[in-house]
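The chain contents come next:
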Amino acid sequence: MPATKLKNLKDLVKEQARIAKEREAYSHVVTISSGTCGLAKGSGEFVDAMKAAVKALGLGKRVLIKSTGCHGFCDIEPVVHIAPQGIVYQKVAPENAKEILSETVLRNNVLEKLLYTDPQTGQKARLAREIPFYKSQRRLLTKANAEVDPESLPDYIANGGYQALAKAVGELDPEKVIAEVKKSRLRGRGGAGFPTGFKWEFCRRAKGDVKYVICNADEGDPGAYMDRSLLEGNPHATLEGMAIGAFAIGASEGYIYVRHEYPMAVRNIRKAVEDARAAGLLGKNILGGKFSFDVHIERGAGAFVCGEETALISSVEGKRGEPRQRPPFPAVRGLWGKPTNINNVETWSSIPVVINKGGDWFARIGTESSGGTKIFSLVGKVAHTGLVEVPIGTTLREIIYDIGGGIKGDGEFKAVQTGGPSGGCLPRSMLDLPVDYDTLAKAGSIMGSGGMIVMDESTCMVDLAKYFLNFLRDESCGKCLSCREGTDRLHEIVARICDGKGTEEDLPLLEELALVVKDASMCGLGQTAPNPVLSTLRYFRKEYEAHIKEKRCPAGVCKALIKYSIDGGKCIGCAVCAKQCPVDAISGEFKKPHAIDADRCIRCGVCVDACKPKAILVA
Amino acid sequence: MKKNKTKTTKGSEAGDPRLDRIFKSYEGRARDTVSVLQDIQDVYGYLPEDALRKASVFLGVPLPEIFGVATFYRMFRLNAPGKHTVTACVGTACHVRGVTRVVDELSRTLGVEPGQTTPDGNYSLETVACLGCCAIGPVVVKDGQYHGNVTPQGARKLVEKPARTAEVAK
C-alpha cells in the first residue's frame, strides 16, 4: 500500500472500499481460528490441508483462506467459519478440508457432523449466533478477532481500522479526545479500574516536553489470557489505541511490554508495528500530518510483579523489576523520569471503539460508574471454556450458566475465583452479583484483569489458597519485608493445614498475619496477596476446619489426608488400573474386585482416570 | 526456584561470533541489559558465565548487577538446558484441572524435579506460571509444541524416553 496515499479519514474509507471491492472476486471466505489454543488443537495442520485442498480443486481464485486469531470458544477448536453463509464448523480435522470445500462451499450443503451441538438441548447450531456461548455476549473488541488476519494491515483497514486515529488526529484535538474518553467512562482493564480519561488528563497536564505511553502486555495473572488473544488476533487495534493516546497526551514514543511466554503475540505485534510504520500510520508525520509517534517492543522476562506499573517501568529501563513508592505517580515521573501513561492491552484496544462510536455510546453499554464491555477468560470446571466479552454489570450467573453452560460433567458449582492471585473466591450465594470493579471488591475479591476460574466440589479451597500463596511467595520481589516474609509464613501455615498438621490457633494467626501483609506492603502485589486466604476463610471456613479438626480434605485433594480404595461392588476386575498404576499398588484376580495397597499407593490419581466404572474411592 | 551452579562451556570462550552479533545490534547502554540477556539466552539456550562477563563489559553494568537481573526474572537460566524441554503450565486454570498430578507424573517418569535436567542431558523439566491457554488446560509444551487437556498418562507418553524404546528394540 503506498504510504503517501493515506492522509486522512476519507483516504482510509476509500482504501477500505477498494480492498472490499478487491475481495469481491472471492465467492467464499474460509476463516480458521489459529490462536495459540487453536494451534495446540491442530488448526495449523488444518490450514495446511485446506490450502492444499483449494489448490487441488482449482479454487484458488474463488476461495480465500484466512488464518485469524482466537475466536474465543477455545473448547471447540479448531473452528472454521465459512462466509457468506456464516456457517461454523467445530473440531475440524485435516481430513475434513476437502469435503468442506466440495460440499459446503461448492454445493451449499451443510455437513451436519461438524456442527456444534448444544449439550443441554441437543440442538445443532449452524451460525455463530445460534451457539449459546456466543449468543449472550457483546463482542465489541473480540469480534474483529474472528474477522481480521492479524498479519495483514489491509485486512485491518478493510475492517475499518485506523479510522479512529485519522478522526482523532484530523478532526479532534487532544483535549477533545480526552473528553470523549472521559465520557465513555472507560476504566483501566488491568484491574485497578482507574478512569482512563482522567489518567490521560493527568499525564497531559504534567510538565515535560518528553512523554511516554506504555502498553502493559505482561499479563501475569495465571488464568487470564484476553490480552494474549487481543495481541495475537488484532494487534493493530492496540497500536491504534496507543497512537490515539499518545496524540492526546502529547507523547511521541511508546513501549509495548509483552510477556515472552506469548511467542505468537510477540511475533504478531512486531509485524504490525513494521507494517504500520511502512504505511505511514506510525513513525514520523503520521497520516502526513504533524503528529509523530513510534513504538518499541520490549519482551518481559517472566516476573509477575512487573504487572505493577512502577516495576514495569524499572524493567523497561533494563533493571530488576522492583516497584517503587508512589507518588510520584508515573503520570508525573515515569519512564526515564518523564511523565508516562500506562494502560493494558484491553484498555488500549477499547480506545478505537470509543473514538469511532463516541464516548456516550460506549458509556451506555456498561453500568453507571463503568462503561463498555469486559473480556473474561471463563475457565476451570465450566462446560464451555473460552473468552467471554460482556457488558460490565453482567451477573456471574449469566456468565457462568448462560454463556458457560454451567459446570462441566455432573459436578456441582462450588466457587468462582476472580482476579487471579490478587483476587478471591466467591461462593454460590454470590452468583447473582453484577460483575463490576466495585461490587467484586466489596465481596472480598476483585475484577482484576478478568480471569474467572470456575470450581466444582473437587477443588479444595485450602489447597487453592496454598497454590496462590506459593505463587506469590515465589513472585514477591523481596523489597518489603512484610510481603517477602509474610507470604512465606502464610504459605507455611496453609501448607501445614493441608498436611493435616494444622491447629485451631492457625486460623486466627492466618487472619492476623494476612492483615499485616496487606497493610505494610508497598505495592499492589503485597497489598492484595492475602486476598485468596482471606476470601476462602470468609466463605469456606468449614473446609479449613475439616482439615484441622477432622484431619479430612472434603474435596479429596490434599494427599496427606486422603486414601484410595476400591469399591468392590463397582469394580469389574478389568485390571486396567493395575496396569496403569506406576507403583504396582493394585492387585487382584482378573474379573474379580481388585484392592489397593495403601502403603504403596502414592495417590497420583492415575487409577481414577483409568477406571471406567468409577470404582475408585477417594476419601 | 533453585538454579544449578553456572558452568562455562567451550562455545562461550573468547571471541564468540554469536555474541558479537548480539552486541552489534545494541549501543551498549545499561538500559538494554534485559534485552541483551534475552538475546543471549535465545542463542545459547541459557546464560553462560563467560557471556555474562562480556555483557557486563559491553553494557558497562557491574557483574553483580547483571547477576541480579539474571536471577530476578524467571525466564533466565544459568545452566544448559537438556536436549528437549518439557514445560508444564501451572497456572490457576491448569491447577484446578489437575496439573499437579501431571507434574508429579513427569517428575516421577524423568526422575528429576521441576527446574532440573535429567543426568543424561535429554530432558529439562520446567514449570511456567501461565501460558494463557487456560481453556484447554492442563497444558504441557514439549519443544515449543503445545499440548492441551493433558492427563498424567498423556504426559508420561510425551516423555517416555527414546532410550527405553531403543533398549527394547535391541
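Along each chain, the written sequence defines residue order, and numbers are assigned to residues from 1. Chain letters and ligand numbers both follow the written order, the letters beginning at A and the numbers at 1. Per-residue local features of the predicted model are confined to residues with pLDDT of at least 70, and side-chain atom pairs are confined, for both listing and counting, to 80 or more; whole-chain, interface and lining totals are unaffected and use all residues.

Student: I tried to follow the overall build of chain B on my own but got confused; where do I start?
Tutor: By the criteria applied, helices consist of DSSP H or I runs no shorter than four residues and strands consist of E runs no shorter than two, each listed in order from the N terminus. Of the regular secondary structure elements, chain B holds eight helices and four strands. The helix and strand sequence of chain B, counted from the amino end, reads α-α-α-α-β-α-α-β-β-β-α-α. Put simply, chain B has 170 residues, and 45% of those count as buried. Partitioning the intrachain contacts of chain B with sequence separation of at least 6 by distance along the chain shows that 64% fall at a separation of at least 24. Partly exposed residues are those whose C-beta has more than 12 but fewer than 20 other C-beta atoms within 10 Å; with 20 or more the residue is buried, with 12 or fewer it is exposed, and the C-beta atoms are placed from the backbone. Our contact criterion uses C-beta atoms placed from the backbone: two residues qualify when those atoms are within 7 Å.

Student: Can you help me understand the sheet that holds strand β11 (residues 373-380) of chain A in this one?
Tutor: Neighbouring strands of a sheet are bound in pairs by backbone hydrogen bonds; such pairs are parallel or else antiparallel. All names here are of chain A. Taken in spatial order, the five strands line up as β12-β11-β15-β13-β14 in an open sheet, and their pairing is mixed. The strands lining the two open edges of the sheet, one partner per strand, are β12 (386-391) and β14 (424-427). When the angles between neighbouring strand axes are averaged without regard to direction, this sheet yields 30°. Any two strands are treated as partners once DSSP identifies two or more bridges connecting them. Bridge analysis of strand β13 (residues 413-418) against strand β15 (residues 451-456) gives five bridges, and the strand direction is antiparallel. What sits directly across from threonine 418, in β15, is methionine 452. Where helices are involved, their axes are fitted lines through C-alpha atoms of the stretch in contact, as for all axes, and angles between N-to-C directions lie from 0 to 180°.

Student: Explain the domain arrangement of chain B here, please?
Tutor: For an interface, size is often stated in terms of accessible area lost upon the parts coming together. Residue ranges for the domains originate in an automatic or database domain assignment. Considered domain by domain, chain B is made up of domain 1 (10-72) and domain 2 (84-169). For domain 1 of chain B and domain 2 of chain B, the distance between their C-alpha centroids amounts to 30 Å.

Student: Where do I start with the packing of helix α2 (residues 33-44) of chain B against helix α4 (residues 63-72) of chain B in this structure?
Tutor: Packed helices, taken two at a time, are described by the angle between their axes plus the distance between the axes. Residues and elements named next belong to chain B. Running from amino to carboxyl end, α2 crosses α4 at an angle of 65°, the nearest separation of the two axes being 11 Å. When the axes of α2 and α4 are compared, the pair comes out roughly perpendicular. α2 and α4 meet at a crossing whose hand is right-handed. Note on element contacts: α4 touches α2 through Ile66, Val69 and Ala70, opposite Thr33, Val34 and Leu37. Roughly parallel here means an angle under 35 degrees, roughly antiparallel means over 145, roughly perpendicular means 65 to 115, and every remaining angle is called oblique. Should the near helix be turned counterclockwise from the far one by less than a right angle, the crossing is left-handed, whereas a clockwise turn marks it as right-handed.

Student: In this structure, what is going on with the interface of chain A and chain B? I would like to understand it.
Tutor: Across the contact, 48 residues belong to chain A and 40 residues belong to chain B. Mapped onto the side of chain A that touches chain B, the elements with two or more residues apiece are α2 (36-40), β9 (294-299), β11, β15, α18 (461-475) and α25 (606-610) of chain A. A total of four residues in the side of chain A that touches chain B trace back to one element, the largest contributor, which is α2 of chain A. Partitioned by chemical class, the residues of the side of chain A that touches chain B number 18 nonpolar, 18 polar and twelve charged. Each residue is assigned to one of three groups, with Ala, Val, Leu, Ile, Met, Phe, Trp, Tyr, Cys and Pro labelled nonpolar, Asp, Glu, Lys and Arg labelled charged, and all others, Gly among them, labelled polar.

Student: Would you mind showing me how to read the domain arrangement of chain A here?
Tutor: According to the domain assignment, chain A consists of domain 1 (21-135), domain 2 (153-365), domain 3 (373-456), domain 4 (461-549) and domain 5 (563-618). The straight-line distance from the C-alpha centre of domain 1 of chain A to that of domain 4 of chain A is 47 Å.

Student: Explanation requested: the pairing of β12 of chain A in the structure shown.
Tutor: Regular strands show a simple pattern: their side chains alternate between the two faces of the sheet. Residue and element names in this part refer to chain A. When you tally the buried positions in β12, you get five out of six residues, the bulk of the element. As judged from the six bridges shared by β11 and β12, these two strands associate in the antiparallel manner. Bridge pairing in β12 places isoleucine 375 opposite glutamate 389.

Student: Quick question: what am I supposed to make of the nonpolar core here?
Tutor: Nonpolar side chains tend toward joint burial in soluble globular proteins. What makes a nonpolar core is a set of buried Ala, Val, Leu, Ile, Met, Phe, Trp, Tyr and Cys residues, with links drawn between C-beta atoms within 7 Å. With 225 residues, the main nonpolar core has Ala243, Ile244 and Ile399 of chain A together with Val139 of chain B as its most contacted residues. Residue contacts for isoleucine 399 of chain A: discarding those within four places in its chain leaves Phe376, Leu378, Val388, Val390, Thr394, Gly404, Val435 and Met452 of chain A. Membership of the second largest hydrophobic core comes to 14 residues, among which are Tyr564, Ile566, Cys571 and Cys581 of chain A.

Student: Could you clarify how one ought to interpret the packing of helix α8 (residues 174-184) of chain A against helix α14 (residues 345-357) of chain A in this entry?
Tutor: All names here are of chain A. Remark: α8 packs on α14, axes separated minimally by 10 Å, with the N-to-C direction vectors making an angle of 100°. If you check the angle between α8 and α14, you find them roughly perpendicular. Contacts from Glu180, Val181 and Ser184 of α8 reach α14 at Ile351, Val354 and Ile355. Of the residues in the contact of α8 with α14, the class split is four nonpolar, one polar and one charged.

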